[in-house]
Amino acid sequence: MEKFLQNISSKFENDRYAKLSGISLTEASPGYARAIMVIEEKHLNAADVVQGGAIFTLADFAFAVASNSHGRLSLAIDAEISFFRSVSAGTLTATAREISLHNKLGTYLIDIKNEQDELIAHFKGTVYRKNIDFGIDE
């Protein structure tokens, strides 16, 4: 799996927005991904908690990696997020897992947790799987 992680990491290092947001991929396998974001001043909103868009971006990145991990270009057609707890410091981890995969559609659940393993948010997304090779070998 180490070679798989290197392969998919090199593909997603071109995700400029994730890079700008300080997001790093830590684990990946077919239908699965884990990414982290160390909370910085730039992630905080006017209430001094992590902006919802930053949490969504972290979840969306893990979603993108997991859904494209089968080597077919997969693009989001639906995404929703629920926020449960605010956070102002530390590290957030998004863990994406595939719950359904068919020829044209895939659905993923992503949990975003803090360092105390508390659930911060929950994201669900569905992708449309195009017949285009994304250049990732399983």
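Predicted, not measured: the structure shown is a model, and the values here were computed from it.

### Let's talk about the environment of T93
Thinking step 1. With respect to the helices and strands, the residue T93 is situated in strand β4 (residues 91-101).
Thinking step 2. Spatially, the C-alpha atom of T93 lies 14 Å from that of F83, the residues being 10 residues apart in sequence.

### Brief notes about the nonpolar core
Within soluble globular proteins, side chains that are nonpolar tend to cluster in buried spots.
Thinking step 1. The biggest cluster of nonpolar side chains holds 37 residues, and the ones touching the most others in it are L92, I110 and I112.
Thinking step 2. For this core, the elements supplying multiple residues, two or more each, are α1 (2-12), β1 (23-29), β2 (32-38), α3 (52-68), β4, β5 (105-113) and β6 (119-133).
Thinking step 3. Here this core takes 10 residues from α3, the largest share from any one element.
Thinking step 4. Discounting residues that sit within four places of it in the chain, I112 has contacts with I55, L58, A59, L92, T93, A94, E118, L119, I120, A121, H122 and F123.

### Side note on the layout of surface pockets
Thinking step 1. Volume-wise, the largest pocket comes out at about 330 Å³.
Thinking step 2. In terms of lining residues, the largest pocket is bounded by 20 residues, among which F12, D15, D60, F61 and A64 are the most central.
Thinking step 3. Elements supplying a minimum of two residues to the lining of the largest pocket: α1, α2 (16-21), α3 and β3 (72-83).
Thinking step 4. With eight residues, the single largest contributor to the lining of the largest pocket is α3.
Thinking step 5. Its residues placed into classes, the lining of the largest pocket shows 12 nonpolar, five polar and three charged.

What counts as what
- Residues numbered from 1 in each chain as written.
- Predicted model: local features only at pLDDT ≥ 70, side-chain atom pairs only at ≥ 80, totals over all residues.
- Heavy atoms only, no water.
- Helix = DSSP H or I, 4+ residues; strand = E, 2+ residues; numbered from the N terminus.
- Core = buried A, V, L, I, M, F, W, Y, C linked by side-chain atoms within 4.5 Å.
- Buried < 20%, exposed > 50% of the residue type's maximum accessible area, 1.4 Å probe, protein only.
- Contact = heavy atoms within 4.5 Å.
- 1 Å grid on protein atoms, 1.4 Å probe; cavity = no way out; pocket = protein on both sides within 12 Å on 5 of 7 lines; lining within 4 Å.
- Points joined across faces, edges and corners; volume = space filled by probe spheres on them.
- Nonpolar A, V, L, I, M, F, W, Y, C, P; charged D, E, K, R; others polar.

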